[in-house]
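# Residue-level structure breakdown
The residues making up each chain are set out below.
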Amino acid sequence: MPVVGDYERLAQSHLSRAAWDYYATGSNDMESLRDNLRAFRKYLLRPRILKGISRISTETHLLGYRAQSPLCISPSAMQRMAHPDGELATSRAMAQFHSCMVLSTYSTTALEEVIDQGNPHSSYWFQLYLYQNRPVSAELIRRAEVAGYRALVLTVDTPMVGRRLADARNHFKLPPPWRLANFPDDFQILTASERAAREANGPQLADHLSNESLGNRSDTSLTWQSCLPWLRSVTRLPIILKGVLTRADAALAVQHGCAGVIVSNHGGRQLDGVQASIDALAEVVKGAQGQLEVYFDGGVRCGADVFRALALGARAVFIGRPVLWGLAANGQKGVEAILHELQSELEDAMRLTGCATLTDIQAQCLYRTGYPIPSQL
Ligand SMILES: Cc1cc2nc3c(=O)[nH]c(=O)nc-3n(C[C@H](O)[C@H](O)[C@H](O)COP(=O)(O)O)c2cc1C
């Protein structure tokens, strides 16, 4: 019965050094990347006994759509580097699983092709960065709407790309023949002055643009007031903010009419030294005051981690690197194996704690080490 760690080892043996480093590492000293995993261990599971549980249901609703499981897939860029089927394999695996996949803007498969592999029982959301060149963002949004994506996930923790030292050492670039398939033209994303510079300087910019440094095209002047009204002027899709870590920002997301937030520190790839994602979850849930859906990602490596995030208030839990490990190890079958393993571990945790449904998974199911047990438990 292989677990996530087995797929991680297999993935490392299948990938080039540069691809492995791109997927596996984080920014600077990678403290937050390590903390994301470590922090789960302080939330201990509290079993309740003799609850007579014969059937487990993990069914839930995300933005009003039914999902068989709260286990969903985080957006991650450049999946064809892991396996030639890339995002198609991930999409097919999720479509069998009937939950939700967020497709990265920096997908190596065009957004229209990825969703074609789906079915009405699964949700696809499109992840977005807002560019200085706003018509480029507007066009991506229009295409995502036409293709049938059910929400936009605006990543708000990346006004610049984190300092990923391994990628810098490896001079990381997306290897050919793969390209960022959502952009018909690699230069579309440039501002007018950059386009003029490109005409003068030739191919150097093309080299530069073929990796996640594309994030540096993001509009750093974004504010709550500038970005949400603009988004609403170009789309009717629900808007979810990815990368919210504080109660205050969750409250602002409510005020600005967002449909959801994803508690995330980008898998430790952005601000190093930021708190572990799981430690921010309860705070964000408080700030949301039940007015929007709170989702979670970061460091989930087993079903008990999924259980912990649900107990701390997440409505769904998104999986990042483990999906890439499954993909690299065995394409669609590898991603399916990861989802099934996490699902069955989650069901085990539910059975053994006395929770038959997701609504039974509450704060009382956890005990945080180092804190007194609250009297109401
Ligand atoms: C290789 C890689 C690429 C990623 N690309 C994106 C991206 O394009 N957009 C985005 O919002 N987040 C991106 N992320 C962050 C993930 O969506 C997610 O927040 C993170 O991986 C969760 O942590 P985990 O990998 O520990 O589960 C990426 C993460 C990885 C590992």
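All figures in this text were calculated on a predicted structure; none of them were measured in a lab.

Conventions we followed
Residues numbered from 1 in each chain as written. Predicted model: local features only at pLDDT ≥ 70, side-chain atom pairs only at ≥ 80, totals over all residues. Heavy atoms only, no water. UniProt positions renumbered as here; feature names shortened; annotations may be inferred. Helix = DSSP H or I, 4+ residues; strand = E, 2+ residues; numbered from the N terminus. Polar contact = N/O pair within 3.5 Å; in protein donor to acceptor, adjacent residues only side chain to side chain. Buried < 20%, exposed > 50% of the residue type's maximum accessible area, 1.4 Å probe, protein only. Pairing = 2+ DSSP bridges. Right-handed = clockwise from strand over helix to strand, strands pointing away. Near = heavy atom within 4 Å. Areas by Shrake-Rupley, 256 points an atom, 1.4 Å probe, with all protein chains shown as cover. Nonpolar A, V, L, I, M, F, W, Y, C, P; charged D, E, K, R; others polar. Contact = heavy atoms within 4.5 Å. pLDDT = per-residue confidence, 0-100. Salt bridge = Lys/Arg side-chain N within 4 Å of Asp/Glu carboxyl O. Phe/Tyr/Trp six-rings, centres within 6.5 Å; stacked < 30°, edge-to-face > 60°. Axes fitted to C-alpha atoms, helices over the stretch in contact; angles between N-to-C directions. Parallel < 35°, antiparallel > 145°, perpendicular 65-115°, else oblique. Left-handed = near helix turned anticlockwise from the far one by under 90°.

## Here we look at the UniProt feature "active site" (unreviewed entry) in the chain
- Annotation from UniProt places "active site" (unreviewed entry) at His266.
- Along the chain, His266 falls in the loop between strand 9 (260–263) and helix 12 (277–288).
- Engagement of the side chain of His266 in a polar contact is seen with the side chain of Asp157, the distance being 2.8 Å.

## Topic: the pairing of strand 6 (residues 123–128)
- In terms of burial, strand 6 is a largely internal element, 6 of the 6 residues being buried.
- Covered by surrounding structure in strand 6 are Ser123, Trp125 and Gln127 together with Tyr124, Phe126 and Leu128, the residues of both alternating faces.
- Here strand 6 runs beside strand 7 (residues 151–155); their pairing, made up of 4 bridges, is parallel. Paired with Gln127 across the strands is Val153, a residue of strand 7.
- Handedness of the strand 6-helix 6 (residues 134–147)-strand 7 crossover: right-handed.

## Some words on the site of the ligand
- Around the ligand sit 22 residues in total, of which Pro75, Ser104, Thr155, Asp297 and Arg321 are the nearest.
- Within the side chain of Tyr129, one N or O atom sits 3.2 Å away from a nitrogen atom of the ligand.
- Within the contact set of the ligand, an oxygen atom lies 2.9 Å away from a backbone nitrogen or oxygen of Arg321.
- Starting from 600 Å² of accessible surface for the ligand in isolation, the protein chains cover 100%.
- Listing elements by their share of the shell around the ligand, those giving two or more residues are helix 2 (17–24) and helix 14 (321–353).
- For the shell around the ligand, the class distribution of residues is 6 nonpolar, 11 polar and 5 charged.

## Focus on the side chain of Asn36
- In this fold, Asn36 is placed in helix 3 (residues 31–38).
- Within the local environment of Asn36, its side chain forms a polar contact with the backbone nitrogen of Ser277, the two atoms lying 2.9 Å apart.
- Those residues within four positions of Asn36 in sequence are excluded, and the remaining contacts are Asn265, Gly267, Gly268, Ala276, Ser277, Gly298 and Gly299.

## Things to note about the confidence of the model for the chain
- Taken residue by residue, the chain gives an average pLDDT of 92. The fraction at 70 or more is 90%.
- This model gives residues 202–213 a pLDDT under 50, and the stretch forms 32 contacts once residues within four places in sequence are excluded.

## As for the pairing of strand 11 (residues 316–319)
- Because side chains alternate across strand 11, one face comprises the buried residues Ala316 and Phe318, and the other comprises Val317 and Ile319, equally buried.
- Pairing geometry for strand 4 (residues 71–73) and strand 11, over 3 bridges, is parallel. Within strand 11, the position partnered with Ile73 by the bridge is Ile319.
- Pairing of strand 10 (residues 293–297) with strand 11 involves 3 bridges; the strand directions are parallel. Directly across from Phe296, in strand 11, lies its bridge partner Val317.
- Handedness of the strand 10-helix 13 (residues 303–311)-strand 11 crossover: right-handed.

## Considerations on the pattern of salt bridges
- Inspection of the entire model under this criterion finds 14 salt bridges.
- We note a salt bridge from Arg134 to Asp219, for which the minimum N-O separation is 2.5 Å. Residue Arg134 is found in helix 6, and its partner Asp219 is found in the loop between helix 9 (204–209) and helix 10 (224–234); the two are separated by 85 residues along the sequence. The same class applies to Arg134 and to Asp219, which are both buried.
- Between Glu139 and Arg142 there is a salt bridge, with its nearest N and O atoms 2.9 Å apart. Placement of the pair is Glu139 and Arg142 together in helix 6, with a separation of 3 residues, close to one helical turn.
- The network of salt bridges with common partners includes Glu31, Arg34, Asp35 and Arg38.

## Quick notes on the packing of aromatic side chains
- Tallied over the entire structure, the rule returns 12 aromatic pairs.
- Each ring, one from Trp125 and one from Phe318, has its centre 5.9 Å from the other, and the planes form 40°; the classification is tilted. One end of the pair, Trp125, is in strand 6; the other, Phe318, is in strand 11, and 193 residues separate them in sequence.
- Residue classification places Trp125 among the buried residues on the basis of a relative accessible area of 1%.
- Residue classification places Phe318 among the buried positions, given a relative accessible area of 1%.
- What links up through ring pairs into an aromatic cluster is the set Tyr106, Tyr129, Tyr131 and Phe183.

## What about the packing of helix 13 against helix 14?
- The geometry of helix 13 relative to helix 14 is characterised by a closest axis approach of 7 Å and an angle of 60° between their N-to-C directions. Judged on the interaxial angle alone, helix 14 and helix 13 are oblique. Crossing of helix 13 over helix 14 shows right-handed handedness. Between helix 13 and helix 14, the contacting residues are Gly303, Val306, Phe307 and Leu310 on the first element and Leu342, Glu345, Leu346, Ala349, Met350 and Thr353 on the second.

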